[in-house]
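Structure assessment
The residues making up each chain are set out below.
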Number of protein chains: 2
Amino acid sequence: MENQKKVIGIIAEYNPFHNGHAYQIQRAKEMADADFVVVLMSGHFTQRGEPAIFNSHTRTKMALLGGADAVFEMPAPFSCASAEDFASYGINLFGSLGIPYISFGTEGASAKELLYLASLLKNESPTYQLHLKELLLLGSSFPQAREGALLAQMKEDGLSSDERFRYKEILQSPNNILGIEYMKAKLNYRSPILPIAIPRMGSSYHDTSLPKFQDFASASAIRNSIFQHHNDYSPFVPHSVLSLLKEAKPLPRDILCDPIFYRILMLQYDDTPLSHFFDVSHELSRRIINYIRQGSNYEEFITNIKPKQYTFSRVSRALLHIFLGITKKDMLEYKEGKLAPYARLIGFKKESSDLLTQLKKNSSIPIISKLADANHILSTSPTALKLLFCEVHAAHLYRALYYSCYSEELPNIYQQPLVII
Amino acid sequence: MENQKKVIGIIAEYNPFHNGHAYQIQRAKEMADADFVVVLMSGHFTQRGEPAIFNSHTRTKMALLGGADAVFEMPAPFSCASAEDFASYGINLFGSLGIPYISFGTEGASAKELLYLASLLKNESPTYQLHLKELLLLGSSFPQAREGALLAQMKEDGLSSDERFRYKEILQSPNNILGIEYMKAKLNYRSPILPIAIPRMGSSYHDTSLPKFQDFASASAIRNSIFQHHNDYSPFVPHSVLSLLKEAKPLPRDILCDPIFYRILMLQYDDTPLSHFFDVSHELSRRIINYIRQGSNYEEFITNIKPKQYTFSRVSRALLHIFLGITKKDMLEYKEGKLAPYARLIGFKKESSDLLTQLKKNSSIPIISKLADANHILSTSPTALKLLFCEVHAAHLYRALYYSCYSEELPNIYQQPLVII
């Protein structure tokens, strides 16, 4: 393996790309002394159960301008799935592409700490299981019960109260939790991938307003600012990306409301139970039907149908699965097969073409850089084709939503060339 | 049958109700010396393949204010079908309700003339068939070829050139042609129903602008005037109906564009061929997919996909069948069973309650006046229930379209009481 360049993988949504993302790419390269950063980016719909603010093509361009060397697409069934499935897909894809490092942001937790927590969750000792069960019976939410069970296990393992307090803190932060999922996937799939944890700068993930005295804002805060037509997000986005961001038109979540309603009406007419779709329980299905159209906007509708024990994102994702047509059966099929059976390239930096040569040499799965070739390349793998076409369908729907919003056409995903900058 | 009151049936869309309709009701009662007029009105979607300008409830109220005594609903599979199926459903419904007269507007043709033409079309003599085939082979459209074949048959039957010229004129007008379909259905189903033809007043069916010196305008012209927010349609609408018409919000055809596009995307993803739907030929299916979203509005899209030999309405109806989920298989099922297996009452005049008593006594099919009872009443007839629920589904979709248009809710069809004035 002479002349191999050092490659790091990052899993991201870039919804939209901001200073924190550029910092992470830069810092990951420095820490690992890496040559290239390969991004696995969510396709047209995100883990919050929403259309991405900009289409994949635009977000890919932003990522490349912001420091990424190549961008691959995570298809909708995984980009709109739980953190566990999202992470599992990512770890598997990087493994198949022969990428030895994964870098992710944390709220201060080290890779070693996350790996330790992941090992506890993977092993599920009798102590852990007992406490988890008890706490759930006592009415804790799943994350609360999981935390309590982990702490009980740590006590049994002889960790000091200071150490346990530290882990309790770690478990409070969404980026850490996603980090744990990466590490769990590494353990579950026996992946040799090496983690590079990068402490997140600035605002927390949950902040929805822009900060006053720093360069880093959360993607949520930036999205809000964009939707409110303020331009005050400018300092929080790399200069190279700014003009692109200003000319792109954002897609609001609310645009899903009517199309999802038509879809549900049609499914009811066709006698297709909503519970066929991934993440839609019988209870949620009942509530969707009972509360359909109640609420003055999509957010209120979701709040109305949300069972107490579910998160808002979980319900949003469930509705999105109905809209995109992702069934429980489909997800089972995707997960039973090779998790990432192909890699769809969306863009790369011209100056990083060495990287592509190296990836093509190392990859154990087909790299698809032209959608029209997919039928041929994946002809022996119907599940892989189905997975790919689920994202193609998602892109078509994204385009239809965009048209509903702006009466303007986005290019068809088949006519969209590779993004090369 | 003592004390029987004389009842006339009228089949209509009332899209919207205007002076011509009020005149027809009045004149029909006079001509037949009838006590009551029963209307069979299209549900939420019309024969032009569009949502009705107002929902059934509102149009029913207009019809009652304009002179009708009771209004029954024609369900979507027939209200959005060809003139032949539309007429067959109507003749069958009136037959089952025990209504002995049907009145319809003509462009001057007498019932006897229409019945003669209908008998020629029903019999399809060898002469007729030969000429029809030849003319079609020579490139005539179906209506042209049919006219030629009819004229050839008349010549053989010894009709003078004057008489043939008269029939040729009759065949040019849409109301006459619909009248022929009523008479064809009468013959096909051996219905004893007696026709009362009423010469249409004022503008022709095709006129899209309001006339200057008369009280009668076409429904198309009135719709155009409403959509353009002119109030110049006022003189052409009965005074009793006017305030209702002014406060109701009209639904434009264009509102179908996005929802139909989502529906087609989803069907493609689900591998459901568009040609499963009623009136969608393989050629049309191919053109829909090739031209999807091409055109600056719905009308342009339809013009783009329209095969040469199809009419605009035929293509609009085909798209509507896709949207409403009306398949070829469904239509076959509806047509193989009893054509009108129930009668859904939407409204009546309080002072005409005798009429309802008489209808209930004479009717050979269940009369449904409360939707919630349908499951029980039609429990032994799954096809009848399916037909009814197709209109219920159409009403739900109409409501969703209305919401898309106005961000306001129409009442749910289940919460809509009978219209009683």
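Treat the numbers as computed from the prediction; the structure is a model and nothing was measured. (Residues numbered from 1 in each chain as written. Chains lettered and ligands numbered in written order. Predicted model: local features only at pLDDT ≥ 70, side-chain atom pairs only at ≥ 80, totals over all residues. Heavy atoms only, no water.)

**A look at the overall build of chain A**
Across its full length, chain A carries 19 helices and eight strands. Taken over C-alpha atoms, the radius of gyration comes to 21 Å for chain A, in line with the 22 Å a tight globule of 421 residues would show. Counting only C-alpha atoms, chain A reaches 60 × 60 × 55 Å along its principal axes. Each of the 421 residues in chain A was classed as buried or not, and the buried ones make up 58%. If you take every contact in chain A between residues at least 6 apart in sequence, the share linking residues at least 24 apart comes to 73%. About 18,000 Å² of surface is accessible on chain A, with carbon and sulfur atoms providing 51% of the total. (Helix = DSSP H or I, 4+ residues; strand = E, 2+ residues; numbered from the N terminus. Rg over C-alpha atoms; globule rule 2.2 N^0.38 Å. Buried < 20%, exposed > 50% of the residue type's maximum accessible area, 1.4 Å probe, protein only. Contact = heavy atoms within 4.5 Å. Areas by Shrake-Rupley, 256 points an atom, 1.4 Å probe, with all protein chains shown as cover.)

**Looking at the nonpolar core**
Core analysis: the biggest nonpolar cluster contains 112 residues, and Phe45(A), Phe72(A), Tyr182(A), Ile288(A), Phe323(A) and Leu324(A) have the highest contact counts within it. When neighbours within four sequence positions are excluded, Phe72(A) is seen to be in contact with Val38(A), Val39(A), Leu40(A), Met41(A), Leu93(A), Leu97(A), Ala343(A), Arg344(A), Leu345(A), Ile346(A), Leu359(A) and Ile367(A). Phe78(B), Leu114(B), Ile255(B) and Ile322(B) belong to the second largest nonpolar core, which has 110 residues in total. (Core = buried A, V, L, I, M, F, W, Y, C linked by side-chain atoms within 4.5 Å.)

**Remarks on the packing of aromatic side chains**
Residues and elements named next belong to chain A. As enumerated under the stated definition, the model contains 20 aromatic pairs over all chains in all. Look at Tyr14 and Phe17: their rings are 4.7 Å apart centre to centre, the planes differ by 70°, and that puts the pair in the edge-to-face class. Assessed through its relative accessible area of 0%, Phe17 is described here as buried. Geometrically, the ring pair formed by Tyr23 and Phe216 is edge-to-face, given 5.7 Å between the ring centres and 70° between the ring planes. Placement of the pair is Tyr23 in helix α1 (residues 19–32) and Phe216 in the loop between β5 (194–199) and α10 (219–227), with a sequence separation of 193 residues. Assessed through its relative accessible area of 15%, Phe216 is described here as buried. One aromatic cluster is present, formed by Phe78, Tyr89 and Tyr334 through successive ring pairs. (Phe/Tyr/Trp six-rings, centres within 6.5 Å; stacked < 30°, edge-to-face > 60°.)

**Some words on the relation of the copies chain A and chain B**
Placing chain A over chain B gives an RMSD of 0.0 Å and needs a rotation angle of 180°, together with 0.0 Å of translation along the axis. On this basis, the relationship between the two copies can be described by a two-fold rotation axis. Taking C-alpha positions as the reference, the residue of chain A nearest the rotation axis is Pro259(A), at 3.4 Å. Looking at chain A, 100% of its interface residues are interface residues in chain B too, so the copies touch through the same face. (Least-squares fit on C-alpha atoms with pLDDT ≥ 70 in both.)

**Here we look at unusual backbone geometry**
Looking along the chain, the bond that leaves Asn15(A) and enters Pro16(A) is cis, with omega of 0°. Here Pro16(A) lies in the loop between β1 (7–12) and α1. Residue Asp279(A) is not a glycine yet carries a positive backbone phi of 75°. Structurally, Asp279(A) can be placed in the loop between α12 (257–269) and α13 (282–291). For Asp279(A), a relative accessible area of 15% puts it in the buried group. The backbone of Asp33(B) shows a phi angle near 50°, a positive value even though the residue is not glycine. Here Asp33(B) lies in the loop between α1 (19–32) and β2 (36–42).

**Considering the domain arrangement of chain A**
All names here are of chain A. Taken domain by domain, chain A consists of domain 1 (7–109 + 178–238 + 338–420), domain 2 (111–172) and domain 3 (253–331). Using C-alpha coordinates to define each centre, domain 1 is positioned 26 Å away from domain 3. Tallying the contact residues gives 22 residues for domain 1 and 15 residues for domain 3. Taken over both partners, the interface formed by domain 1 and domain 3 buries close to 1,500 Å², and the fraction arising from carbon and sulfur atoms is 71%. For the domain 1 face of the interface with domain 3, the top three residues by lost area are Gly49, Cys80 and Leu401, together amounting to 27%. Across the domain 1-domain 3 interface, the total number found is four residue pairs in polar contact (both at pLDDT 80 or more). Only α3 (76–79) and α19 (382–406) provide two or more residues apiece to the side of domain 1 that touches domain 3. Among the elements that line the side of domain 1 that touches domain 3, the one with the most residues is α19, at eight residues. (Domains from an automatic or database assignment. Buried area = accessible area lost by both parts, 1.4 Å probe. Polar contact = N/O pair within 3.5 Å; in protein donor to acceptor, adjacent residues only side chain to side chain.)

**With respect to empty space enclosed by the protein**
Applying the stated rule across the entire model yields three cavities of 30 Å³ or more. Estimated volume of the largest cavity: approximately 150 Å³. Pro259(A), Tyr262(A), Arg263(A), Met266(A), Phe323(A), Leu397(A), Pro259(B), Tyr262(B), Arg263(B), Met266(B), Phe323(B) and Leu397(B) together form the lining of the largest cavity. For the lining of the largest cavity, the secondary structure elements donating two or more residues are α12 of chain A together with α12 (257–269) of chain B. The residue makeup of the lining of the largest cavity, split by class, is 10 nonpolar, no polar and two charged. By volume, the second largest cavity is sized at about 100 Å³. Considering the residues around the second largest cavity, the lining is formed by Cys257(A), Ile260(A), Phe261(A), Ile264(A), Ile292(A), Arg293(A), Gln294(A), Gly295(A), Ser296(A), Asn297(A), Phe301(A) and Tyr403(B). (1 Å grid on protein atoms, 1.4 Å probe; cavity = no way out; pocket = protein on both sides within 12 Å on 5 of 7 lines; lining within 4 Å. Points joined across faces, edges and corners; volume = space filled by probe spheres on them. Nonpolar A, V, L, I, M, F, W, Y, C, P; charged D, E, K, R; others polar.)

**Brief notes about the interface of chain A and chain B**
Taken together, the contact between chain A and chain B spans 26 residues of the former and 26 residues of the latter. Both faces considered, chain A and chain B share a buried interface measuring about 2,200 Å² in area, 61% of it formed by carbon and sulfur atoms. On inspection of chain A and its partner chain B, the count reaches zero salt bridges. In this assembly, chain A and chain B are joined by eight residue pairs in polar contact (both at pLDDT 80 or more). Of all the elements, α19(A) adds the most residues to the side of chain A that touches chain B, at nine residues. A per-class count over the side of chain A that touches chain B returns 15 nonpolar, six polar and five charged. (Salt bridge = Lys/Arg side-chain N within 4 Å of Asp/Glu carboxyl O.)

**Topic: the packing of helix α5 (residues 111–123) of chain B against helix α9 (residues 174–188) of chain B**
All names here are of chain B. Close contact between α5 and α9 brings their axes to 8 Å; oriented N to C, the two are set at 60°. The pairing of α5 with α9 is recorded here as oblique in orientation. Considering only the axes of α5 and α9, their crossing is right-handed. Of α9, the residues touching α5 (which contributes Leu114, Leu115, Leu117, Ala118, Ser119, Leu121 and Lys122) are Asn176, Gly179, Ile180, Met183, Lys184, Lys186, Leu187 and Asn188. (Axes fitted to C-alpha atoms, helices over the stretch in contact; angles between N-to-C directions. Parallel < 35°, antiparallel > 145°, perpendicular 65-115°, else oblique. Left-handed = near helix turned anticlockwise from the far one by under 90°.)

**With respect to the pairing of strand β1 (residues 7–12) of chain B**
Side chains on a regular strand alternate between the two faces of the sheet. Residue and element names in this part refer to chain B. By the criterion of burial, β1 is predominantly enclosed, with six of the six residues buried. The alternating pattern of β1 places Val7, Gly9 and Ile11 and Ile8, Ile10 and Ala12 on opposite faces, both of which are buried. As judged from the six bridges shared by β1 and β2, these two strands associate in the parallel manner. For Val7, the partnering residue across the bridge sits in β2 and is Phe36. Viewed along the sheet, the connection from β1 through α1 into β2 turns out right-handed. The sheet contact formed by β1 and strand β4 (residues 101–106) spans three bridges and is parallel. Looking at β4, one finds that Ile10 is bridged to Ser103. (Pairing = 2+ DSSP bridges. Right-handed = clockwise from strand over helix to strand, strands pointing away.)

**Structural notes on the environment of Phe104(B)**
All names here are of chain B. Counting through the fold element by element, Phe104 comes out in strand β4. Phe104 sits 164 residues away from Gln268 along the chain, and the two C-alpha atoms are 42 Å apart. Beyond its immediate chain neighbours, meaning those up to four positions away, Phe104 contacts Gln24, Leu114, Gly179, Tyr182, Met183, Pro195, Ile196, Ala197 and Ile198.

**Section: the pattern of salt bridges**
All names here are of chain A. Under the counting rule described, the total for this entry stands at 38 salt bridges over all chains. We note a salt bridge from Lys349 to Asp69, for which the minimum N-O separation is 3.9 Å. Remark: Asp69 occurs in the loop between α2 (56–65) and β3 (70–74) and Lys349 occurs in the loop between β6 (343–348) and α17 (353–362); sequence separation between them is 280 residues. The exposure classification of Lys349 matches that of Asp69, with both residues buried. One continuous salt-bridge network, built from bridges that share partners, spans Arg48, Glu50, Arg253 and Glu299.

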